[in-house]
Amino acid sequence: MKRLLLASAIGGALALPLAANAAVCTSGANLGQWLGAGFTCTVGDKTFSNFTYTDTGGGGATPIAASEVVITTINQGASAIGFQFNAPWNVGGLQSLDSAIGFTVAVTPPTGGVFIHDAALVQAGSSFSGGGIGTVSENLSNNSNLLTVDRAGQVTLSDAVTFSNTGSVNVLKDIAVNANGGSAAISQVTDTFSQTTVPEPASLGILGLGLIGLGFTQLRRRR
């Protein structure tokens, strides 16, 4: 009976990571492939889900479709896990484009002593002329905000924020280019998240029991 219980426990322990990592986010996919209820994928020890997308165009500009947004995955371990979103956000004259991308990022498996505590945003392939402006604003569900800007008198192409440890966070980013009689362009937006490891109370308790057991063993040997 004990052997059966042990085999069952080992089988359950092995099944959890496999289930958590069943779908790996495919680098080179387009955002249109990730939209829809129930889609989930992983990068490293992070799970991404609830992808949303809306797009608008003004002044005769054709909106950027979700299928035109190509995604490259980023996995640098604890220091940076996330995505690069690539698309031709490029306008001139009186044109404008706006794309809103949303998703949820969570630790896989839930917490396990690992927590997300930092988010970083970078806009690249960015340019402007005249009154043109390109911005990326990002709002997180824990009330953290990031902003990058490229325009005359203000060039801030990266931003980062550190926040209280969390197991998951919702992200909504708005990519906007407005020519304002000149031109504006953004071709790449990068989102990454870093983490910290904090021992859970249960883990500390197990460690304490282990140390106590070791102490009793040492005492028996001495006797």
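Residues numbered from 1 in each chain as written. Predicted model: local features only at pLDDT ≥ 70, side-chain atom pairs only at ≥ 80, totals over all residues. Heavy atoms only, no water.

Colleague: Mind showing me how you'd approach the pattern of salt bridges here?
Modeller: Where side chains of opposite charge bring their charged atoms close, a pairing between them can arise. Following the criterion strictly, the structure yields three salt bridges and no others. The partner of Lys46 in a salt bridge is Asp45, and the shortest N-O contact between them spans 2.9 Å. Owing to a relative accessible area of 22%, Asp45 belongs among the partly exposed residues under this scheme. One network of salt bridges, in which partners are shared, links Glu138, Lys173 and Asp191. (Salt bridge = Lys/Arg side-chain N within 4 Å of Asp/Glu carboxyl O. Buried < 20%, exposed > 50% of the residue type's maximum accessible area, 1.4 Å probe, protein only.)

Colleague: Would you explain unusual backbone geometry in this entry?
Modeller: A negative phi angle characterises most non-glycine residues, just as the trans form characterises most peptide bonds. Although it is not a glycine, Asn50 sits at a positive phi angle of roughly 55°. Here Asn50 is to be found in strand β2 (residues 46–58). Phi angles above zero are rare outside glycine, and Asn143 is one such case at about 70°. Structurally, Asn143 is set in the loop between β8 (133–140) and β9 (145–151). (Helix = DSSP H or I, 4+ residues; strand = E, 2+ residues; numbered from the N terminus.)

Colleague: Would you mind showing me how to read the pairing of β8 here?
Modeller: A regular strand places its side chains on the two faces of the sheet in alternate fashion. In terms of burial, β8 is largely enclosed, as six of its eight residues are buried. Here β8 runs beside β9; their pairing, made up of seven bridges, is antiparallel. Across the sheet, the residue bridging to Ser137 is Leu147, located in β9. If you look at the hairpin formed by β8 and β9, you'll find four residues sitting between the two strands, and Asn143 has a positive phi there, around 70°. Two elements, β8 and strand β12 (residues 168–178), share eight bridges in a ladder whose sense is antiparallel. Its bridge partner being in β12, Leu140 is matched across the sheet by Val171. (Pairing = 2+ DSSP bridges.)

Colleague: I keep staring at the nonpolar core and nothing clicks. Help me out?
Modeller: Across soluble globular proteins, nonpolar side chains have a tendency to be buried as a group. Ranked by internal contacts, the top residues of the largest apolar core, which has 43 residues, are Phe48, Val69, Phe83, Trp89 and Phe103. Of all the elements, strand β4 (residues 81–92) adds the most residues to this core, at six residues. (Core = buried A, V, L, I, M, F, W, Y, C linked by side-chain atoms within 4.5 Å.)

Colleague: Sorry if this is basic, but what is going on with a nonpolar patch on the surface here?
Modeller: Among the surface-exposed residues, Phe128, Val155 and Leu157 lie close enough to one another that they form a single nonpolar patch of about 230 Å² accessible area. Checked against the element boundaries, Val155 lands in strand β10 (residues 154–156). (Patch = residues over 30% accessible without salt bridge, like charges linked within 9 Å, V, L, I, M, F, W, Y side chains within 5 Å. Areas by Shrake-Rupley, 256 points an atom, 1.4 Å probe, with all protein chains shown as cover.)

Colleague: I keep staring at the packing of aromatic side chains and nothing clicks. Help me out?
Modeller: The relative placement of two aromatic rings is captured by the distance of their centres and the angle of their planes. If you walk through the whole model with that rule in mind, you get 12 aromatic pairs. A network of ring pairs unites the aromatic residues Trp34, Phe39, Phe48, Phe51, Phe83, Phe85, Phe103 and Phe193 as a single cluster. (Phe/Tyr/Trp six-rings, centres within 6.5 Å; stacked < 30°, edge-to-face > 60°.)

Colleague: Quick question: what am I supposed to make of the confidence of the model for the protein here?
Modeller: Here the protein averages 85 in pLDDT, while 78% of its residues score no lower than 70. Predicted confidence for residues 1–22 stays below pLDDT 50, and this span has four contacts to residues more than four positions away or in other chains. (pLDDT = per-residue confidence, 0-100. Contact = heavy atoms within 4.5 Å.)

Colleague: Looking at this model, I keep getting lost on the state of the cysteines. Mind explaining?
Modeller: By definition, a disulfide links the sulfur atoms of two cysteines through a covalent bond. All told, the structure shown has one disulfide when counted by the stated rule. Sulfur-sulfur distance for the disulfide between Cys25 and Cys41 comes to 2.0 Å. Handedness of the Cys25-Cys41 disulfide follows from its S-S torsion of about 90°: it is right-handed. Note that Cys25 is positioned in the loop between α1 (2–20) and β1 (40–43) and Cys41 in strand β1, a separation of 16 residues in sequence. According to the relative accessible area criterion, Cys41 is buried, its value standing at 1%. (Disulfide = S-S within 2.5 Å.)

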